[in-house]
Amino acid sequence: MLWRNRMAVGRVTGVAYGVSRESTVTTAVTPATLDRSSAENPLQPALWMAAGFAVFTFLLHLTSSLYGSRLGYGFFRDELYFLVCGRHLDLGYVDQPPLVALQARLAEMLFGLTPTGIRVLSFAAGAVKVGLTGVLAWQMGGRRTAQMLAMVAAFAAPVFLTLDNYLSMNSWEPCFWMGCMAVLLGLASGTLSERWWIAFGVLAGLGIENKDSTVFFLVAVLAGMIATPQRRLLKPRWVAIAVAVTLLVAMPNFLWQMRHGWPTYELLNNIAHSDKNTKLPPLAFLKQQLDMLLIVAAPLWIGGLIWLGFAKRARAWRFVAVTYLVFLAMMMAMHAKDYYLAPIYPVLMAAGAVWFTEWRRKDWPAFAYAGVLLFFAVIATIPIALTVLPPDKYEAWARHFGVDNKVRTEKFSSPLPQYLSDRFGWDEMAQGFAARYNALPAEERTKTGIFCGNYGEASAVNVLGAKYGLPVAISGHQNYYYWGWHGYTGQSMLTLGDKREDYLKSYAEVIDLGPFDAAWIMDHEHHHYFLLKGRKKSYREEWAEFKYWY
């Protein structure tokens, strides 16, 4: 007969493991009690439930992307750039580590050059994240209702549905972070052996190779462990092994950065001293955390944070609460974008689900709460975050829920949220270049190239322009600077810009070839096409002046 207590309270390598629902009498955790706990709450059913949620999440992203293509949503700006990076595989790039370029290359090779095809691996990452949230709840002693509630919260969060719906670094980031957390939770509770520090090192290293912000997450984790009794886990031998594995996995990008003079630091420094990113004051930053996770989910993850910080049964995982608070303080101090905190929230959702189901001992409150989350996901989160509404219907629908386009992470404005507006106009832009390029005399076309002011425009030409017979586009923006001028002298170039006068100092002749415009595009992409002739100094001579890391 199964024991009614959820977990026993005792000690596994010096850490309290759990508490009975019926009493607070402590008992030592022996192999027998661990076996009994596993029998009461086995892993296999938890994994099956996680797999079910993961498959549903994946299919939702796949279906919405396919439907969005029918509505006119195309490639996202950054996706085009990542595709070009994938065609120039390297150990690093000015503005990101190498994994996203590898992801883009693999997705293009395996699933084809379509908006949905290149996103398949990101859809998979979103699915893994939702399933992993349920596993984290299981690790903290949560039964099926807690696992279900945790996964529903992760699934319904607007920030996750948005970021997992296109190719980016942000989709896999929570998977690496929460993988690290899963290892630490197991080490802290004594259910994993110290050899798992090796897995922690691999996940941490992959996280760094995916996105540099993982370094700040690891610093916060270290601070959280030092500040709590979990500091006992930081045994010199195994921590040294974990650090060594992390550095080994992350070494390729480190060596690339060192060889190129630390370009990512230069880029971040440029951005920090510019007006590109919106700098939110503390209260506005905190409000954005509530909004991006779905406001009705706030009691769950905030309750999880409090439970981790103060509950006796959560003593083994106290470091998680400190980790979050340290990381939050770091991001606010650095004026980071609000969604930079997103990857850490699944563990708080998992903890909140465990707390909620233990506080409300019957199952129906958890199902009711999950129903509320799903209701708002269906009527608000999914229509607003995914490409399921026609663009002309989007604003009216979003306004019903108090959502507008005024809160932005960058200064650039757009008729739709940036993650949607930046999916419009790229093919029309390439067609515009093609019409003007093909109108040139045959002899002039052979010596004419294309110069673009940013990586979005250049990548649209390089990814979408091949079917129109366009030449390679060059730019000084981000990693395009390293890819160079492609042998162009500048004697005949097509470009997009704002004013004819902007080019007169560098070219003997500037011809306005008419405007570029398309529905729903970013406001700063309304340009004119220009034909530039007779560059006074060649690109080779002045290429250093074109470096634009911003």
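Residues numbered from 1 in each chain as written. Predicted model: local features only at pLDDT ≥ 70, side-chain atom pairs only at ≥ 80, totals over all residues. Heavy atoms only, no water.

## Quick word on the overall build of the protein
Helix and strand counts for the protein come out as 24 helices and five strands. Against the compact-globule benchmark of 24 Å for 550 residues, the protein has a radius of gyration of 26 Å, which places it among compact chains. Taking the principal axes of its C-alpha atoms as reference, the protein extends roughly 90 × 50 × 45 Å. Put simply, the protein shows about 23400 Å² of open surface, and 65% of that area lies on carbon and sulfur atoms. With 50 positive and 40 negative side-chain charges, the protein shows a spacing of 11 Å between the two charge centroids. (Helix = DSSP H or I, 4+ residues; strand = E, 2+ residues; numbered from the N terminus. Rg over C-alpha atoms; globule rule 2.2 N^0.38 Å. Areas by Shrake-Rupley, 256 points an atom, 1.4 Å probe, with all protein chains shown as cover. Lys, Arg positive; Asp, Glu negative; His and termini not counted. Charge placed at Lys NZ, Arg CZ, Asp CG, Glu CD.)

## Looking at unusual backbone geometry
Both trends apply: most residues other than glycine have a negative phi, and most peptide bonds are in trans. Positive phi is not limited to glycine here, since L294 has a value of about 80 degrees. Looking at the element boundaries, L294 is found in the loop between α13 (282-292) and α14 (298-310). When its relative accessible area of 8% is taken as the criterion, L294 is described as buried. Notably, W520 is not glycine yet its phi reads approximately 70 degrees, a positive angle. (Buried < 20%, exposed > 50% of the residue type's maximum accessible area, 1.4 Å probe, protein only.)

## What to know about the environment of H260
Inspection of the secondary structure puts H260 in the loop between α11 (236-259) and α12 (263-272). For H260, a relative accessible area of 27% puts it in the partly exposed group. A C-alpha to C-alpha distance of 45 Å links H260 and I306, two positions 46 residues apart in sequence. Polar contacts involving the side chain of H260 include one to the main-chain carbonyl oxygen of W256, which spans 2.9 Å. (Polar contact = N/O pair within 3.5 Å; in protein donor to acceptor, adjacent residues only side chain to side chain.)

## Points about the nonpolar core
The biggest cluster of nonpolar side chains holds 144 residues, and the ones touching the most others in it are M140, L308, W317, Y345 and F433. A per-element tally of this core places helix α8 (residues 173-189) first, with eleven residues. Residues Y481, Y488, V510 and Y539 belong to the second largest nonpolar core, which totals 17 residues. (Core = buried A, V, L, I, M, F, W, Y, C linked by side-chain atoms within 4.5 Å.)

## Some remarks on the packing of helix α5 (residues 120-139) against helix α16 (residues 345-359)
Contact pair α5 / α16: the axes reach a minimum separation of 8 Å and the direction vectors enclose 45 degrees. Considering their axes alone, α5 and α16 lie oblique with respect to each other. In this structure, α5 meets α16 at a crossing whose hand is right-handed. Facing α5, whose interface residues are K129, T133, L136 and A137, α16 presents P346, V347, M349, A350 and V354. (Axes fitted to C-alpha atoms, helices over the stretch in contact; angles between N-to-C directions. Parallel < 35°, antiparallel > 145°, perpendicular 65-115°, else oblique. Left-handed = near helix turned anticlockwise from the far one by under 90°. Contact = heavy atoms within 4.5 Å.)

## Description of α16
The terminal C-alpha atoms of α16 lie 21 Å apart, and with 15 residues this matches the ideal 21 Å at 1.5 Å per residue to within 8%. Taken together, the buried positions of α16 are occupied by Y345, P346, V347, L348, M349, A350, A351, G352, A353, V354, F356 and T357. (Expected span 1.5 Å × (residues − 1).)

## Here we look at the sheet that holds strand β1 (residues 449-451)
Strands sit in the order β2-β1-β3-β5-β4 across an open sheet of five strands; the sheet is mixed. The sheet is open, and its two edges are formed by β2 (473-474) and β4 (507-516), each paired on a single side. Pairing geometry for β4 and strand β5 (residues 527-535), over seven bridges, is antiparallel. Across the sheet, Y507 pairs through a bridge with R535, a residue of β5. Along the sheet face, helix α20 (residues 426-438) touches β1, β3 (492-497), β4 and β5 and points at about 145 degrees away from the line of β3. (Pairing = 2+ DSSP bridges.)

## A short note on the packing of helix α9 (residues 196-210) against α11
In contact at an axis separation of 7 Å, α9 and α11 are set at 30 degrees when each is read in the N-to-C sense. When the interaxial angle is binned, α9 and α11 end up roughly parallel. Seen from above, α9 lies across α11 with right-handed handedness. Every residue of α11 that contacts α9 at W197, I198, F200, G201, V202, A204, G205, L206, I208 and E209 is listed here: W238, V239, I241, A242, V245, T246, V249, A250, P252 and N253.

## Some thoughts on the packing of aromatic side chains
Any pair of aromatic rings gets described here by the distance separating the centres and the angle formed by the planes. Across all of its chains, the model carries 39 aromatic pairs by this definition. Considering the side-chain rings of F58 and F123, the 6.3 Å spacing of their centres and the 75 degrees angle between planes classify their relative orientation as edge-to-face. In this pair, F58 sits in helix α2 (residues 43-71) while F123 sits in helix α5, placing the two residues 65 residues apart along the sequence. F123 gets classed as buried once you look at its relative accessible area, which sits at 0%. Ring plane angle 50 degrees and centroid distance 6.4 Å describe the contact between Y81 and W483, whose orientation is recorded as tilted. Note that Y81 is positioned in helix α3 (residues 77-86) and W483 in helix α23 (residues 480-483), a separation of 402 residues in sequence. A residue is classified by how much of its surface remains accessible, and Y81, at 0% relative accessible area, is buried. Taking the relative accessible area as the measure of exposure, W483 reaches 23% and is therefore partly exposed. Among the aromatic residues, those joined into a ring-pair cluster are W256, F451, Y481, Y482, W485, Y539, W543, F546 and W549. A cation sits over an aromatic face here: R360 above W359, 5.1 Å from the ring centre. The positively charged end of K547 is found above the aromatic ring belonging to Y481, 5.9 Å away from the centroid. (Phe/Tyr/Trp six-rings, centres within 6.5 Å; stacked < 30°, edge-to-face > 60°. Lys NZ or Arg CZ within 6 Å of the ring centre and 35° of its normal.)

## Side note on the state of the cysteines
Disulfides are covalent bonds that link the sulfur atoms of two cysteine residues. Applying the stated rule across the entire model yields zero disulfides. Here C180 is not cross-linked by a disulfide; its sulfur's nearest cysteine counterpart is in C175, at 11 Å. (Disulfide = S-S within 2.5 Å.)

## As for a nonpolar patch on the surface
Taken together, L89, L102, L106, M109, L110 and F111 make up a surface patch of nonpolar side chains, about 590 Å² in accessible area. As for its placement among the helices and strands, L89 is situated in the loop between α3 and α4 (99-111). (Patch = residues over 30% accessible without salt bridge, like charges linked within 9 Å, V, L, I, M, F, W, Y side chains within 5 Å. Salt bridge = Lys/Arg side-chain N within 4 Å of Asp/Glu carboxyl O.)

So, to be careful, I would describe these as geometric facts and stop short of saying anything about function.
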